[in-house]
Amino acid sequence: MSKLAGIAGASLMALSGAALADGYYGSVKDAPPPKPERELSFSATLTGTSDYVFRGVSQTNQEPTIQGSFDLSYGIFYAGVWGSGVDFGDDATTELDWYAGFKPVWNDFEFDFGVILYTYPGASGYDLIQVTELKAGVSKSFDKLGVGGVVYYSPDINGYEHVVVEGTLSYELPKLAMFTPTVSGLVGYQDDISGGTGLGDYTYWNAGLSLAVEKLTFDFRYWDTDLSNPAPLADERFVFSVGVSLP
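Residues numbered from 1 in each chain as written. Predicted model: local features only at pLDDT ≥ 70, side-chain atom pairs only at ≥ 80, totals over all residues. Heavy atoms only, no water.

Caption draft 1: Structural context of the overall build of the protein chain. On a plain count of helices and strands, the protein chain comes out with 2 helices and 15 strands. A burial count over the protein chain gives 45% of its 247 residues as buried. Carbon and sulfur atoms make up 64% of the accessible area of the protein chain, which totals about 11,100 Å². (Helix = DSSP H or I, 4+ residues; strand = E, 2+ residues; numbered from the N terminus. Buried < 20%, exposed > 50% of the residue type's maximum accessible area, 1.4 Å probe, protein only. Areas by Shrake-Rupley, 256 points an atom, 1.4 Å probe, with all protein chains shown as cover.)

Next comes the structure, spelled out in C-alpha cells:
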C-alpha cells in the first residue's frame, strides 16, 4: 500500500473522548474544550495498542505499536504533537502529527476548529507527501450521553484532496467496581475527491468499550470498512489499547 493510501485510508485523528476511536488516545486534539481560564497547561499520554487503525485501515501491518502525545493549551487554544510507529512495507517507521486549533463553547455546544499536519520523519521520498487537513467539529453532552460530528478537509496538495465526515456517539455506564465504563461508536465516510488516495470513496466504523480507572484507560474496539482492498489491512478486526495520561 502506498504511503498516500496509508494516510488517507487508514481517523486520525474515541474516547479519551473521540481519541480512542482514531488512535489518538488522550490527545488534547480530541479532548473536551478546556475551561475558559487563561492559564498555560500541558498534558502527555503514552499508549500501547495491538494495531494502529486509522479510518478503518491498519497503519502497522496489523502489528502492535507504541504511541504518545504532548499537548499545550491556553484558554480555548491548543497545540501538540502525536506520534506512533507505522509499517507500510518501506522505510517509514514513525508518524508524527502536528496540530493546533481552538475550542470555543456556545450555548452548551462545543466547537473545535484546527489544522493537522501528518509527517513521516526519516522516510525517504516522504518530504513531498506531508498531508495537511483542516478540521471543524461540534459536540454536545446530555448528562452521560455524548454526540459529535467532525469534518476533515485536505486541500489539493501534490494532487491529493479529500473530505472525511465522522459522527460519534458515547454513553457512560454506571461505575463497575473501580472502573468507569463507557460504550462508544464512530461512523466515518471518506470522499476521495481527486482520487489521489488510491482507495476511492468508502465508509468505516467502530464500536467498543473503554474502562477508565485513575489515569489508565483500557479500550476494546471492533473496526470494519466496506473496502475490499487493501486486504487484509481494511478487514474487520478487534483492537485492544491501554493508555496512561499525565498529569
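Caption draft 2: The arrangement of a nonpolar patch on the surface in detail. On the surface, a cluster of nonpolar side chains totalling about 510 Å² of accessible area is made up of L40, F42, F70, L72 and Y74. Examining the composition of the nonpolar patch, we find that 3 residues originate from one element, strand β4 (residues 65–74), more than from any other. Look at F70 and you get partly exposed, because its relative accessible area is 40%. (Patch = residues over 30% accessible without salt bridge, like charges linked within 9 Å, V, L, I, M, F, W, Y side chains within 5 Å. Salt bridge = Lys/Arg side-chain N within 4 Å of Asp/Glu carboxyl O.)

Caption draft 3: Looking closely at the nonpolar core. Core analysis: the biggest nonpolar cluster contains 28 residues, and V57, Y118, Y202, Y204 and L227 have the highest contact counts within it. Looking at this core, the elements that each hand over two or more residues are β2 (53–54), β5 (77–85), β8 (109–119), β10 (145–157), β11 (160–172) and β13 (202–213). (Core = buried A, V, L, I, M, F, W, Y, C linked by side-chain atoms within 4.5 Å.)

Caption draft 4: The arrangement of the environment of D191 in detail. Secondary-structure assignment places D191 in strand β12 (residues 180–191). Accessibility expressed as a relative area gives 30% for D191, which makes it partly exposed. When the C-alpha atoms of D191 and D201 are compared, they prove to be 4.8 Å apart, with 10 residues separating the residues in sequence. Setting aside chain neighbours within four positions, we find D191 in contact with H162, V163 and D201. (Contact = heavy atoms within 4.5 Å.)

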